[in-house]
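This is what each chain is made of:
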Amino acid sequence: MKRYFITGLLIWVPLAITAWVLSLIAGIADQSLRLLPDSVHPHNILGFDIPGAGVVLTLVIILTTGLLAANFIGQRLVSWWEKLLARIPVVNSIYNSVKQVSDTLFSSSGNAFRKALLIQYPRQGSWTIAFLTGTPGGDVVNHLKDDYVSIYVPTTPNPTSGFFLMLQRSEVIELDMAVDEALKYIISMGVVTPPARTNHRFNPPNNRHS
């Protein structure tokens, strides 16, 4: 009985969590329906709610915004909007910080979270997976004379929290592993292992134990 019960849990728990996450996302997206006038609201027209209508509307708003912002007039409007926000205290600092992070993460030319790394953390001889986020900047570069990289070390099983570290490039190992495979490996606490690569190479950095 215990074996059957565990087998059932292994089937239903992932399905239940997936359904809960999708329901949460759909519920948040449905809030976009409040932007519609009452005269064109689906509930008032049809007499009942349409599941997923908010998701579709949200996708349309995002795509339309991207389309408008891609042309010259849209770029001028975005520039004007950002200048307006820059004049508002507190809002300015929050918006700029979030925008810098989002531009780095979602930029097609950026390197943030493009590579999975293997590092020794939190001590020598203890290994964990990290993600490349870029290189140090600002006044930090004036104090780090060697070649350093910025990395993010996620926690398990919640990868949205973690630690930001700056390590010498020679102290990290680039993995032949996709980012989504590395995330699954971390979230599952090592249970869901990525497929083995026959052409992988393991070259420990020099002076690792010095």
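Keep in mind the model is a prediction, meaning the values are calculated, not measured.

What counts, and at which threshold
Residues numbered from 1 in each chain as written. Predicted model: local features only at pLDDT ≥ 70, side-chain atom pairs only at ≥ 80, totals over all residues. Heavy atoms only, no water. Helix = DSSP H or I, 4+ residues; strand = E, 2+ residues; numbered from the N terminus. Buried < 20%, exposed > 50% of the residue type's maximum accessible area, 1.4 Å probe, protein only. Contact = heavy atoms within 4.5 Å. Areas by Shrake-Rupley, 256 points an atom, 1.4 Å probe, with all protein chains shown as cover. Core = buried A, V, L, I, M, F, W, Y, C linked by side-chain atoms within 4.5 Å. Arc of directions from axis to C-beta. Salt bridge = Lys/Arg side-chain N within 4 Å of Asp/Glu carboxyl O. pLDDT = per-residue confidence, 0-100. Phe/Tyr/Trp six-rings, centres within 6.5 Å; stacked < 30°, edge-to-face > 60°. Pairing = 2+ DSSP bridges. Axes fitted to C-alpha atoms, helices over the stretch in contact; angles between N-to-C directions. Polar contact = N/O pair within 3.5 Å; in protein donor to acceptor, adjacent residues only side chain to side chain.

A.B. asks: Looking at this model, I keep getting lost on the overall build of the protein. Mind explaining?
C.D. replies: Across its full length, the protein carries six helices and five strands. When the helices and strands of the protein are placed in sequence order, the string is α-α-α-α-α-β-β-β-β-β-α. Residues counted as buried form 19% of the 210 residues belonging to the protein. In the protein, of all internal contacts separated by at least 6 residues, the share reaching a separation of at least 24 is 40%. Looking at the protein as shown, the accessible area adds up to about 15800 Å², and 65% of this sits on carbon and sulfur atoms.

A.B. asks: Would you take a moment to explain the nonpolar core for this structure?
C.D. replies: Note that soluble globular proteins tend to have their nonpolar side chains buried in a common cluster. One finds L117, I119, A130, L132, V149, I151, V153 and V172 forming the largest nonpolar core, which totals eight residues. Of all the secondary-structure elements, those providing two or more residues to this core are β1 (116-120), β2 (127-134) and β3 (148-154). Among the elements that make up this core, the one with the highest residue count is β3 (three residues). Apart from residues no more than four positions distant in its own chain, L117 is found in contact with T128, I129, A130, F131, L132, I151, V172, I173, E174 and L175. The next biggest cluster of nonpolar side chains, apart from the first, holds six residues, and it includes I129, F131, A182 and I186.

A.B. asks: For this particular structure, what's the right way to read helix α6 (residues 179-187)?
C.D. replies: Along α6, the positions that sit buried rather than exposed are E181, A182 and I186. The buried residues of α6 occupy an angular sector of 135° when projected down its axis, which confines them to one face. The elements touched by buried residues of α6 are β1, β2 and β3.

A.B. asks: Help me understand the pattern of salt bridges, please; the structure alone is not making it clear to me.
C.D. replies: Pairing of side chains with opposite charge becomes possible as their charged atoms draw close. Taken as a whole and assessed by the stated rule, the structure comprises two salt bridges. As a salt-bridge pair, K115 and E174 come within 3.9 Å of each other at their nearest N and O atoms. Within this pair, whereas K115 is found in the loop between α5 (91-106) and β1, its partner E174 is found in strand β5 (residues 173-174), the two being separated by 59 residues in sequence. Classification of K115 as partly exposed rests on a relative accessible area of 35%. By relative accessible area, E174 is classed as partly exposed at 47%.

A.B. asks: I tried to follow the confidence of the model for the protein on my own but got confused; where do I start?
C.D. replies: Detail in the predicted coordinates should be disregarded across regions flagged by low pLDDT. Of the residues in the protein, 88% have a pLDDT of 70 or more, and the chain-wide mean is 81. For residues 206-210, every residue scores under 50 in pLDDT, and the model assigns this stretch 10 contacts once sequence neighbours within four places are set aside.

A.B. asks: Just checking my understanding: could you explain the packing of aromatic side chains for this structure?
C.D. replies: For any two aromatic rings, the description comes down to two numbers: the centre-to-centre distance and the angle of the planes. Under the counting rule described, the total for this entry stands at one aromatic pair. Between the aromatic rings of Y121 and F163, the centroid separation amounts to 6.0 Å while the plane-to-plane angle is 45°, which identifies the pairing as tilted. Of this pair, Y121 sits in the loop between β1 and β2 while F163 sits in strand β4 (residues 162-168); the two residues are 42 residues apart in sequence, bridging distant segments of the chain. For Y121, a relative accessible area of 24% gives the class partly exposed.

A.B. asks: So what exactly am I meant to see when it comes to the sheet that holds β2 here?
C.D. replies: Strand-to-strand pairing in sheets goes through backbone hydrogen bonds, with the strands running parallel or antiparallel. Taken together, five strands build an open sheet; the order of strands is β4-β3-β2-β1-β5 and the sheet is antiparallel. If you trace the sheet from one side to the other, it starts and ends with β4 and β5, each paired once. Of the strands in this sheet, β1, β2 and β3 touch α6, which is tilted by about 140° from β2.

A.B. asks: Can you walk me through the side chain of Q120 in this structure?
C.D. replies: Looking at the element boundaries, Q120 is found in strand β1. We classify Q120 as buried; its relative accessible area is 13%. A distance of 3.0 Å separates a polar atom in the side chain of Q120 from a polar atom in the side chain of Q124. A distance of 2.4 Å separates a polar atom in the side chain of Q120 from the backbone nitrogen of G125.

A.B. asks: What exactly am I supposed to notice about unusual backbone geometry here?
C.D. replies: What is expected of a backbone is that most residues other than glycine have negative phi and most peptide bonds are trans. The peptide bond linking Y121 to P122 adopts the cis configuration, its omega dihedral lying at 5°. Mapped onto the secondary structure, P122 falls in the loop between β1 and β2. One non-glycine residue, V90, adopts positive backbone phi at about 70°. Residue placement: V90 occurs in the loop between α4 (72-86) and α5. Phi at M189 takes a positive value of approximately 60°, unusual for a residue other than glycine. On the secondary structure map, M189 appears in the segment after α6. With a relative accessible area of 62%, M189 lands in the exposed category.

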